[in-house]
Amino acid sequence: MRALLSGYYGKGNGGDEALLATLLQMLPPHVTPVVLSGNPEETQRCYGVESYNRMAFLPVLQSLRSCDAFIWGGGSLIQDVTSTISPFYYGGLMALAQVMGLKTVAWGQGIGPLRRSPTRILAKRTFGGCTKVSVRDRASAALLADWGIPFLLAPDPVWALESKPVPGLWDLPAPRVAVILRSHPQLTPTRLANLTRALVDFQKATQTFILLLPFQKSEDLSIAEAIQPQLKDVSKILCLEDPQLLKGVFRGVEMAIGMRLHSLIMAAAEGCRCFALSYDPKVNRLMEDLAMPGWDLANLPDDANLISTTWMEHYANGEPLSPEQIQSLVDRALMHRELLKEALSLS
């Protein structure tokens, strides 16, 4: 069986690459993956899979014709906040796959926000036509329940991604704290300046070594480079492409301060204390589910001293998830694998 995988792949985004790596890890052995990517050569090199340009109409159509199944491969693909084009691209591909008679799976989805009526109609129709649907949060589950569409609710699949140790990480000074910031309208120059001042104070007080982790170089690296001169000799920018290595970083880190959803999931899964800086409802949902401390960026305190002392308190007294909690989340995330097995069975 051949399955066409569609997601925000080949764009250098650590979270989406982690979803692809997890999906490839979870596919049944009899399934050959074919991946639509923003950088098919890179995707082929990294994962050893057949890959085609996601925006090239003819190769996409030929890929659909050559496959028996089509999979939306995780994440917030169907939402109309960051892009109005995105849901129509993914929804259009799903609708085409359904018309062509392929088995269709919406896997590990975070649905919404859906602010516009046309995207809601398209979402309802395409999810309703799927062979199987799995979602990663209660808000997405509530939406599907409201539409009368059967689904599986399980934690984000990346909880179950196998991590790999990072060469050279243990040679860096310890203890270590990871910081993952991304460019976003809510991360204004004033807020970034406050966070940077707070980080400098936090580092001095705790004597930690700061790892600045750009999860998407095109979006995050410039922010890391703006912060690092303030933390000379006590920080390092670590750029990692392999999502398993990215998750492995958190094995050697005491605490993570993160904006990106998958940075917080990876850190929590590796037994790290986490502090969230939320820019999106999906991060708020994770904070609620795990009772994870943090702030909405829109409500970030103006006082850098308050920010740093809050971080110090969490560093000193905060608790990571227990091994039992982590194992429970991993076990439940593996339900996404069972769903694939059922949807892609040969019978």
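Analysis parameters
Residues numbered from 1 in each chain as written. Predicted model: local features only at pLDDT ≥ 70, side-chain atom pairs only at ≥ 80, totals over all residues. Heavy atoms only, no water. Pairing = 2+ DSSP bridges. Helix = DSSP H or I, 4+ residues; strand = E, 2+ residues; numbered from the N terminus. Right-handed = clockwise from strand over helix to strand, strands pointing away. Axes fitted to C-alpha atoms, helices over the stretch in contact; angles between N-to-C directions. Contact = heavy atoms within 4.5 Å. Salt bridge = Lys/Arg side-chain N within 4 Å of Asp/Glu carboxyl O. Parallel < 35°, antiparallel > 145°, perpendicular 65-115°, else oblique. Nonpolar A, V, L, I, M, F, W, Y, C, P; charged D, E, K, R; others polar. Disulfide = S-S within 2.5 Å. Buried < 20%, exposed > 50% of the residue type's maximum accessible area, 1.4 Å probe, protein only. Arc of directions from axis to C-beta. Core = buried A, V, L, I, M, F, W, Y, C linked by side-chain atoms within 4.5 Å.

### Focus: the pairing of strand β6 (residues 132–135)
Consecutive side chains of a regular strand alternate in pointing toward one face of the sheet and then the other.
So, step 1. Sheet analysis places strand β5 (residues 103–109) next to β6, joined by 3 bridges and oriented parallel. Across the sheet, Ala106 pairs through a bridge with Val133, a residue of β6.
So, step 2. In this fold, the crossover linking β5 to β6 by way of helix α5 (residues 117–128) has right-handed handedness.
So, step 3. The sheet contact formed by β6 and strand β7 (residues 152–153) spans 2 bridges and is parallel. The residue bridging Ser134 from the neighbouring strand is Leu152, located in β7.
So, step 4. As for the winding sense of the linkage, the β-α-β connection from β6 through helix α6 (residues 138–147) to β7 is right-handed.

### So, the sheet that holds strand β11 (residues 255–258)
So, step 1. Strand order in the open sheet formed by 6 strands is β10-β9-β8-β11-β12-β13, and the pairing between neighbours is parallel. The open sheet has two edge strands with one neighbour each: β10 (235–237) and β13 (294–296). Taken pair by pair, the neighbouring strands of this sheet meet at an average axis angle of 15°, ignoring direction.
So, step 2. One ladder, built from 3 bridges, connects strand β12 (residues 273–278) with β13; its direction is parallel. Opposite Leu277, over in β13, you have Trp295 as the bridge partner.
So, step 3. Relative to β12, helix α10 (residues 261–269) is tilted by about 170°, and along the sheet it contacts β8 (176–180), β11 and β12.

### A few points about the pattern of salt bridges
So, step 1. All chains considered together, the criterion is met by 13 salt bridges.
So, step 2. With a shortest N-O distance of 3.7 Å, Arg273 and Glu254 are connected by a salt bridge. In this pair, Arg273 sits in strand β12 while Glu254 sits in the loop between α9 (243–249) and β11, placing the two residues 19 residues apart along the sequence.
So, step 3. A salt bridge links Glu338 to Arg337; its shortest N-O distance comes to 3.8 Å.
So, step 4. When salt bridges that share partners are traced, they join Arg337, Glu338 and Lys341 into one network.

### Some thoughts on the sheet that holds β6
So, step 1. Ordered by their spatial adjacency, 7 strands build an open sheet running β3-β2-β1-β4-β5-β6-β7, and the pairing between neighbours is parallel. Of all the strands in the sheet, the pair left with one neighbour each is β3 (50–53) and β7.
So, step 2. Together, β5, β6 and β7 form the strand contacts of α6, whose direction differs from that of β6 by roughly 145°.

### Comments concerning the packing of α5 against α6
So, step 1. Where α5 contacts α6, the axes come no closer than 11 Å and their chain directions differ by 80°. Between α5 and α6, the crossing angle belongs to the class labelled roughly perpendicular. Residues Arg120, Ala123, Lys124 and Phe127 of α5 touch α6, and the partners they reach there are Leu143, Leu144 and Trp147.
So, step 2. Its residues assigned to classes, the contact of α5 with α6 comprises 5 nonpolar, no polar and 2 charged.

### Thoughts on the packing of helix α13 (residues 323–333) against helix α14 (residues 335–343)
So, step 1. Between α13 and α14, whose axes approach to 4 Å, the crossing angle comes to 15°. Classified by the angle between their axes, α13 and α14 sit roughly parallel to one another. Contact with α13, carried on its side by Asp331, Arg332 and Ala333, involves Met335, His336 and Arg337 of α14 and no other residues of that element.

### A few points about the state of the cysteines
Two cysteines joined by a covalent bond between their sulfur atoms form a disulfide.
So, step 1. In the structure shown here, the tally under the stated rule is 0 disulfides.
So, step 2. Cys130 takes part in no disulfide bond, and the closest cysteine sulfur to it belongs to Cys67, at a distance of 16 Å.

### Some remarks on the side chain of Ser140
So, step 1. Within the secondary structure, Ser140 sits in helix α6.
So, step 2. Discounting residues that sit within four places of it in the chain, Ser140 has contacts with Gln109, Gly110, Ile111, Val135 and Arg285.

### Here we look at helix α3 (residues 57–66)
So, step 1. Within α3 the residues assigned to the buried category are Val60, Leu61, Ser63 and Leu64. Buried residues in α3, looked at end-on, bunch into an arc of 160°, giving them a common side. Exposed positions of α3 whose direction lies more than 90 degrees from the buried face are Leu58 and Arg65.
So, step 2. Of the surrounding secondary structure, the elements contacted by the buried residues of α3 are β1 (2–6), β2 (32–37), β3, β4 (69–75) and α4 (85–99).

### Regarding the nonpolar core
For soluble globular proteins, nonpolar side chains are generally found buried alongside one another.
So, step 1. Counting 92 residues, the largest nonpolar core has Ile71, Trp159, Leu181, Phe250, Leu277 and Trp311 as the members making the most contacts within it.
So, step 2. With 7 residues, α10 is the largest single contributor of residues to this core.
So, step 3. The residues touching Phe250, leaving out its near neighbours within four places in the chain, are Ala178, Ile180, Leu213, Phe215, Ala256, Ser263, Met266, Ala267, Glu270 and Cys272.
So, step 4. Tyr89, Ala106, Leu114 and Val133 belong to the second-largest nonpolar core, a separate cluster that totals 29 residues.

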